[in-house]
Each structure stands twice: as C-alpha cells, then as structure tokens.
Amino acid sequence: MKKDIISIIVSAGVLLSSSAIANTGSEILAVQSGGTPDKVYQKNKPTIKVATYNIGKNEVSADVANFDKLNQAIKNIDADVIVITEVDNKTARSKNINQLEELAKANNMHFAFGKALDFDGGQYGVGILSKYKIDKSQVVNLPSGDAEQRIVLLSQITKPGFDSPIIIMGTHLDWQKDPTVRIGQVRHLLDATIGDTDTGFDNISTSIKILAGDFNSTANEQPIQEIRYFWNSVEKPNTDYRSWPAINPAIDIDHIFTFKGQKWDVKNMTIPKDSASFKWSDASDHLPVIAELELQEQ
C-alpha cells in the first residue's frame, strides 16, 4: 500500500466517531505482511466494468419463472462483474428456481451465490456474476442482531490485463430506518476489508478490492460515511445516483466503492432509466449502477 494505516490516521485528522476509533487496532499490524505489491501503471492501464443490481422485484412478480426482462437487463448492463442482491435460490415463491444460475446460463457468465438465510424452502442472499472464472468465494456473516441476517460475499476473479487478482465484495445491508444495525454491519465490513476478521483470503488487506451492493443508505448517511474510512465512492461529475424506486427514482442506496489501497479513474458511470429502448422498471424495482474503471495504481 502507498500509505500505511498510521499515516492514513494522521492525515485524516478527525475520525468518524469514537466508536470507529475503538473498532481499529490490530489492522495496523495486519497490513504489514506480504500481499499485493504497489505498482503505478504508466501505460496499458487495465480496465474493468462493474455493476450492482438489486433484482428483488422479480421474487414476487406474477411470473417469476420468466427471466426474459432480467436477462435483457443483464445483457444491457454488459459488465465484467455484476453484484446481484435479493437473490432467491430454489424458494417456493420463486418456483424452486436457482435464479442466479438461470441468469448466468442465459448470459454465458460464471456465478457465485452467498446464502444469507434459509427461506421458504430454499435460500436467499447475494450473488456475483462474472465474465471471468471465479477462483474462490467466501461468505462472511454480518452482525444482524434480531434483524434479517445479512452477509458479504467475497469472490476473487482474474481478469486479463491485471497483474493481480481482484476481490469483489458484494453485500446487502439491513433495511430498517434506524441505522444502528447497518452501522454495525459496516464496521464488520471494514474489519473484513483489512483482515481483522477471517475471510479465508490471505493478505486481503493489500489485495485489489471492489465493494458493491444495496446498502440501504444514501451517500450522506452515517453507514456510508463510515465505509469511506477505507473505501472511495465511485463517482462521476453530473451523475444522477438515484436508483430506487426504478419507475421514478428518489434515493441513492445502491453503491460501488474501490479500496483506498488502489487508485482508479472512473471513465464512465451510468444509472440507466426507463426509455423507449428498455423499461428497467419492468425488470426490477431498483436500477443498476454501472461503472467503468481504469486502474492507475494497484
């Protein structure tokens, strides 16, 4: 990494909260051992197209077995990697279909599913679709108290042009208006980011990482502010970030982040809206968030 954690703390000046201070500690040592070496790209900079898409509406639609609209949505997104949230795996309400597998087959992609909970005779959770082989995946449970169990799914891919593997972290945080549970989940995510909780990935603290999903928090709320301790929001000037509800978006709750150990240039960012060519609100009640990223420094 370009800066060790101590210099990050010093330059930050003021941390987000006293709780955030208490939540950091052994990471100061954890980031010192091994991992992905620093490299500044002068030419042939590698690129990746990433998206996050909540497909929840499809779970309760009149014909959940009909994937025509969702498949067209995935085709239109045309990303290298897509984090898919609110995925059913062989639940009764979804007619015992493995939704992620159906989407992967139809779009010639690889997939990984992370179970958040057993539900309705099947499973419910988070998925990752990838144009490239998924080398390894791991589910980490997030603290959820008495609320619905939430997770982060970590999947490692190797994309041509990159000198190191990329860990995609997909999540869907608690939905309640009170952000207390989400804040706890975010802090656990931060621990997972730098190896302070077991993820099954060696040297995760220095790995190339991208985090995406449905955070059920807008950019100015505390959970997102705390995520920015280790992560940069993927942003592009003059972008309308509102992603829900799809038919007439009001709030930005679906986000993409890049780890601060890397530097990226956001080449393009899109949150497509209903148009004559495709009605996104027929596929889901969320719009996808899509970003094209060029790596400047790993």
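Residues numbered from 1 in each chain as written. Predicted model: local features only at pLDDT ≥ 70, side-chain atom pairs only at ≥ 80, totals over all residues. Heavy atoms only, no water.

- Under an unreviewed UniProt entry, the name given to the protein chain is Putative secreted protein, and the source organism is Proteus myxofaciens ATCC 19692.

Things to note about the overall build of the protein chain
- A tally of helices and strands in the protein chain yields 7 helices and 12 strands.
- Relative to its 298 residues, the protein chain shows a buried fraction of 52%.
- In the protein chain, once contacts between residues fewer than 6 apart in sequence are set aside, the share between residues at least 24 apart is 72%. (Helix = DSSP H or I, 4+ residues; strand = E, 2+ residues; numbered from the N terminus. Buried < 20%, exposed > 50% of the residue type's maximum accessible area, 1.4 Å probe, protein only. Contact = heavy atoms within 4.5 Å.)

With respect to the layout of surface pockets
- Of the pockets and cavities examined, the largest pocket occupies roughly 310 Å³.
- Considering the residues around the largest pocket, the lining is formed by 19 residues, among which Trp175, Asp214, Asn216, Trp244 and Ile253 are closest to the centre.
- For the lining of the largest pocket, the residue count by class is 5 nonpolar, 6 polar and 8 charged. (1 Å grid on protein atoms, 1.4 Å probe; cavity = no way out; pocket = protein on both sides within 12 Å on 5 of 7 lines; lining within 4 Å. Points joined across faces, edges and corners; volume = space filled by probe spheres on them. Nonpolar A, V, L, I, M, F, W, Y, C, P; charged D, E, K, R; others polar.)

Things to note about the packing of aromatic side chains
- Considering all chains together, one arrives at 8 aromatic pairs under this definition.
- Between tyrosine 229 and phenylalanine 230, the ring centres sit 4.7 Å apart and the planes meet at 70°, which makes this aromatic pair edge-to-face. By the burial criterion, tyrosine 229 is buried, and phenylalanine 230 matches it.
- An angle of 85° between the planes, with centres 4.8 Å apart, marks the rings of phenylalanine 278 and tryptophan 280 as edge-to-face.
- Overall, tryptophan 280 belongs to the buried group, its relative accessible area being 5%. (Phe/Tyr/Trp six-rings, centres within 6.5 Å; stacked < 30°, edge-to-face > 60°.)

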